[in-house]
Amino acid sequence: MVAKITTPNSISKALNYNEKKVQKGVAQCIHAGNFLKNAKELNFYEKLHHFKRYIDLNTRAKTNTLHISLNFDPAEKLGPGKLVQIATTYMDKIGFGGQPYLVYEHHDAGHPHLHIVTTSIEENGRRIVTQNIGRNQSQKARKEIEEAFGLVKATSKKRADAMVVTNQKIQYGKNDTKRSITGVLHTVFSRYHFTSLPELNAILKLYNLHADRGEKDSRIFQNGGLVYRVLDDKGNKVGVPIKASSIRFKPTLPYLETQFKKGEEARAPHKQRLKTAIEFVLHQKPQSLTELVAGLKDEKITTALRENAAGFVYGITFIDHRTGAVFNGSDLGKGYSAAALQERIKDKAATLGQPEKLVTKSPQKNITRSSDKDISKSKNTTPSQPLADLLKTEKDEGRIPYEFRKKKKKKRGFNL
């Protein structure tokens, strides 16, 4: 869990922000702490009036409003009841349990999160000191809540095997575009280790998002710009592109370059785990790349295939959700590129239909009789390929080590 506290200029500004989200259908007020009515019975003016009753008791205070966001890992599955418990516990632990506050659950980002609006003016007109509240009270409360509710810890970024990223896809027209993109990027940058723009886009596609430099002759590309585009479920770009520089933490190309360098080092320890998983699935003899992809999914690995217009697969990227490591196939080694894997699958598939060899007490004798019989039946015909293989008599000594091809000297006996 990550907690962020801001102090807006006015209570109406913080309240308006959340109420507009409710009107758009991307948020809902799930709890009203220390109000005379429950959240569903309160209208906007009743909420604002109740806060102002406290604030008007101290007109000298420079700040009187707190706007708090509690952000949870995408793997968390938290219902409204559990979210209210967490919010109530958090407010108690930071010393605001007796203050009026509203809890809003938002649905416009790639991770579950809450917004809490409250005032720092008490019922007696005194102002609660909020200096260093984020570093002191909030940090302590966060750690205790993570333990009490079994949440994913913000410090360790523990990854849950049950994570399913497709549940967090951006739905164009249903979510606030910029906030959804910001939420997805925060999740991806904190969870995954990638080293290039194609690797990043392999992950972002799982969320219906794409980082786009534009065409090479475009002004965006020539000026070193970057935009983020929402995709539909078929992978087509929809809506208006969002400039990277307009997003709050500015995930521009220079920012991505720093992420690529970090990713190179962070993913290295997980390379062998990924190769082992691929070999395990290959050992099960998949009949196609599609079967390989399905098998790797059981190992919590998403496989992104890159195809040209003709449907030819020319690239492959592996996303390991357990470790966050992202690798192009060729970066894993010679045998893991798209072409090499297709060849390995083809070779394995070719052996599946071959009959088992018949083992008898005298295999060479049986083979000779079978060959003679077949030859007599087809003197004027060309042998079939399996039969031709049996009739081969050439010695391939090139594959036998030299020392085993030396003729052994006969031992001479001695008369005593």
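Residues numbered from 1 in each chain as written. Predicted model: local features only at pLDDT ≥ 70, side-chain atom pairs only at ≥ 80, totals over all residues. Heavy atoms only, no water.

**Some details on the overall build of the protein**
Step number 1: Regarding its fold elements, the protein presents 15 helices and eleven strands.
Step number 2: Looking at the protein as a whole, 40% of its 416 residues qualify as buried.
Step number 3: Sequence separation of at least 24 residues holds for 64% of the intrachain contacts in the protein that already meet a minimum separation of 6.
Step number 4: Counting every atom, the protein has about 25200 Å² of accessible surface; 51% of that belongs to carbon and sulfur. (Helix = DSSP H or I, 4+ residues; strand = E, 2+ residues; numbered from the N terminus. Buried < 20%, exposed > 50% of the residue type's maximum accessible area, 1.4 Å probe, protein only. Contact = heavy atoms within 4.5 Å. Areas by Shrake-Rupley, 256 points an atom, 1.4 Å probe, with all protein chains shown as cover.)

**Comments concerning helix H4 (residues 134–149)**
Step number 1: Where H4 is concerned, the buried positions are Ser138, Ala141, Arg142, Ile145 and Glu146. Buried positions in H4, seen along its axis, are confined to an arc of 135° and lie on one side of it. For H4, the exposed residues set more than 90 degrees away from the buried face come down to Arg135, Lys140, Glu147 and Ala148.
Step number 2: Looking at the buried side of H4, the elements it contacts are strand E1 (2–6) and helix H3 (80–93). (Arc of directions from axis to C-beta.)

**Quick word on the sheet that holds strand E11 (residues 326–328)**
Step number 1: Read from one edge to the other, the open sheet built from three strands follows the order E9-E10-E11, with strand pairing classed as antiparallel. Two strands close off the open sheet at either side, each with one partner strand: strand E9 (301–307) and E11. Sheet twist, expressed as the average angle between the axes of neighbouring strands with direction ignored, equals 20°.
Step number 2: Across three bridges, strand E10 (residues 313–320) lies against E11 in antiparallel orientation. Note that in E11 the partner of Phe318 across the bridge is Phe327.
Step number 3: This element, helix H6 (residues 197–204), spans E9, E10 and E11 of the sheet and lies at about 125° to E11.
Step number 4: With respect to the sheet, helix H10 (residues 289–297) is in contact with E9 and E10, its orientation differing from that of E9 by roughly 155°. (Pairing = 2+ DSSP bridges. Axes fitted to C-alpha atoms, helices over the stretch in contact; angles between N-to-C directions.)

**What about the pattern of salt bridges?**
Step number 1: Scanning the entire structure with this criterion turns up 13 salt bridges.
Step number 2: With a closest N to O distance of 3.7 Å, Arg267 and Asp331 form a salt bridge. Taken as a pair, Arg267 in helix H8 (residues 253–267) and Asp331 in helix H11 (residues 329–332) lie far apart in primary sequence, 64 residues in all.
Step number 3: The class of Arg267 is buried, set by a relative accessible area of 4%.
Step number 4: Residues Arg344 and Glu279 are paired through a salt bridge, measuring 2.9 Å at the closest nitrogen-oxygen approach. On the criterion of sequence distance, the pair formed by Arg344 in helix H12 (residues 338–350) and Glu279 in helix H9 (residues 271–283) is long-range, its members being 65 residues apart.
Step number 5: Note on Arg344: relative accessible area 23%, which makes it partly exposed. (Salt bridge = Lys/Arg side-chain N within 4 Å of Asp/Glu carboxyl O.)

**Observations regarding the sheet that holds strand E7 (residues 227–231)**
Step number 1: Read from one edge of the open sheet, three strands run E6-E7-E8, paired in antiparallel fashion. At either margin of the open sheet sits one strand with a lone partner, and together these are strand E6 (209–212) and strand E8 (237–243). Averaged over all adjacent pairs, the angle separating strand axes in this sheet is 25°, with direction ignored.
Step number 2: Bridge count for E7 against E8 is four bridges, and the pairing is antiparallel. Note on E8: the bridge partner recorded for Val230 is Val238.
Step number 3: Contacts from helix H5 (residues 177–191) reach E6, E7 and E8, with the element oriented near 100° to E7.

**A word on the packing of aromatic side chains**
Step number 1: Scanning the model with the defined rule gives seven aromatic pairs in all.
Step number 2: Residues Phe189 and Phe249 carry aromatic rings whose centres are separated by 6.0 Å and whose planes lie at 85° to one another, so their mutual orientation is edge-to-face. Here Phe189, found in helix H5, pairs with Phe249, found in the loop between E8 and H8; they are 60 residues apart in sequence, far enough to count as distant.
Step number 3: Given a relative accessible area of 11%, Phe189 falls into the buried group. (Phe/Tyr/Trp six-rings, centres within 6.5 Å; stacked < 30°, edge-to-face > 60°.)

Everything listed here is a matter of geometry and, on its own, says nothing about what the molecule does.
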